[in-house]
Amino acid sequence: MNAMQYCERHEMHNCADCAPREPSGSAPRGSTPTSDWDDWPAAAIIVHASGKAHLPGCTHIEPADIRPPRYGWVITPSPGAWRRLAPSHPLRATQGNLERAAVSRCESCDATQ
C-alpha cells in the first residue's frame, strides 16, 4: 500500500477523490458503480465534441459511449490541467479523437474537485 500517493490533478498527497478504487465496488464521488469506470484512471480527462471536459465517473456520460469521433481524452494530464482549463488554455486530447479540445469543465465534475 502506498501511503503517500501523489494526485497530479489536485497537486496533493493522499487525495480522497483520486485514491485507487477499493475492490468493494464503492463509487468515487458518489457516481456510477466503479465497474463502469474501472478502465479509466481517476486522473483522466474526457473531452466531448462540445468542448466540455468530464472526469471518470461523470453521470452525464456512459463509459461505453466514450470513443472517437465524439470523444477524445487525456489519460495522464499535466498537474493542474483541470483547474487551468479555459478558452484561453484549452486541453487537447492525446487519445481518441485528437481533434477534440476542451475549453470548459462539466459543472457536476467540477463540483467534485
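Structure's up top.
I will try to describe carefully the structure that is included in this document. (Residues numbered from 1 in each chain as written. Predicted model: local features only at pLDDT ≥ 70, side-chain atom pairs only at ≥ 80, totals over all residues. Heavy atoms only, no water.)

### Points about the nonpolar core
Note the threshold: Side-chain atoms within 4.5 Å link the members of a nonpolar core, which is a set of buried Ala, Val, Leu, Ile, Met, Phe, Trp, Tyr and Cys residues. Relative accessible area decides the class of each residue, using a 1.4 Å probe on protein chains only: under 20% of the type maximum gives buried, over 50% gives exposed, and in between gives partly exposed. Any two residues whose heavy atoms approach within 4.5 Å are treated as being in contact.
Trp-40, Ile-45, Ile-46, Ile-61, Ile-66 and Leu-91 are the most contacted members of the largest nonpolar core, which has 21 residues in total. Those residues in contact with Ile-46, other than ones at most four positions away along the chain, are Trp-37, Trp-40, Lys-52, Ala-53, His-54, Leu-55, Pro-56, Ile-61, Ile-66, Tyr-71, Gly-72 and Trp-73.

### Thoughts on a negative patch on the surface
Our working definition: Patch definition: residues above 30% relative accessible area lacking any salt bridge, with like charges linked at up to 9 Å and the nonpolar side chains Val, Leu, Ile, Met, Phe, Trp and Tyr linked at up to 5 Å. The Shrake-Rupley method, run with a 1.4 Å probe, gives the accessible areas here. Residue values count only the displayed protein chains as cover. Counted as salt bridges are all cases of a side-chain nitrogen of Lys or Arg within 4 Å of a carboxyl oxygen of Asp or Glu. The sign given to each residue is positive for Lys and Arg and negative for Asp and Glu; His and the chain ends receive no count. Charge placement uses NZ in Lys and CZ in Arg. For Asp and Glu, CG and CD serve respectively. What counts as a helix is a DSSP run of H or I of at least four residues, what counts as a strand is a run of E of at least two, and both are numbered from the N terminus.
On the surface, Asp-36, Asp-38, Asp-39, Glu-62 and Asp-65 cluster together to form a negatively charged patch. With respect to the secondary-structure elements, Asp-38 resides in the loop between helix 1 (34-37) and strand 3 (45-48).

### Structural notes on the environment of His-48
Examined against the element boundaries, His-48 turns out to sit in strand 3. Considered as a pair, His-48 and Trp-73 are 25 residues apart in the sequence and their alpha carbons are 8.4 Å apart. Apart from the residues within four sequence positions on either side, His-48 is in contact with His-54, Arg-70, Tyr-71 and Arg-100.

### Description of the environment of Pro-41
Its location among the elements puts Pro-41 in the loop between helix 1 and strand 3. Placed 14 residues apart in sequence, Pro-41 and Leu-55 show a C-alpha to C-alpha distance of 9.5 Å. In contact with Pro-41, other than residues within four places in its own chain, are Pro-56 and Ile-75.

### Observations regarding unusual backbone geometry
The omega angle of the peptide bond from Pro-68 to Pro-69 is 5°, so this bond is cis rather than trans. Assignment of secondary structure puts Pro-69 in the loop between strand 4 (52-54) and strand 5 (71-74).

### Details of the pairing of strand 5
For clarity, the threshold we go by: Any two strands are treated as partners once DSSP identifies two or more bridges connecting them.
Of the two faces of strand 5, the one lined by Tyr-71 and Trp-73 and the one lined by Gly-72 and Val-74 are each fully buried. Direction of pairing for strand 5 relative to strand 7 (residues 95-96): antiparallel, over a ladder of two bridges. When the sheet's bridge partners are listed, Trp-73 is paired in strand 7 with Gln-95.

### A closer look at the state of the cysteines
Note the following rule: Two cysteine sulfur atoms make up a disulfide if the distance between them is within 2.5 Å.
Per the counting criterion, the structure on display carries zero disulfides. Of all cysteine sulfurs in the structure, the one in Cys-109 sits closest to Cys-106, which takes part in no disulfide; the separation is 3.7 Å. On the basis of relative accessibility, which here comes to 2%, the residue Cys-106 falls in the buried class.

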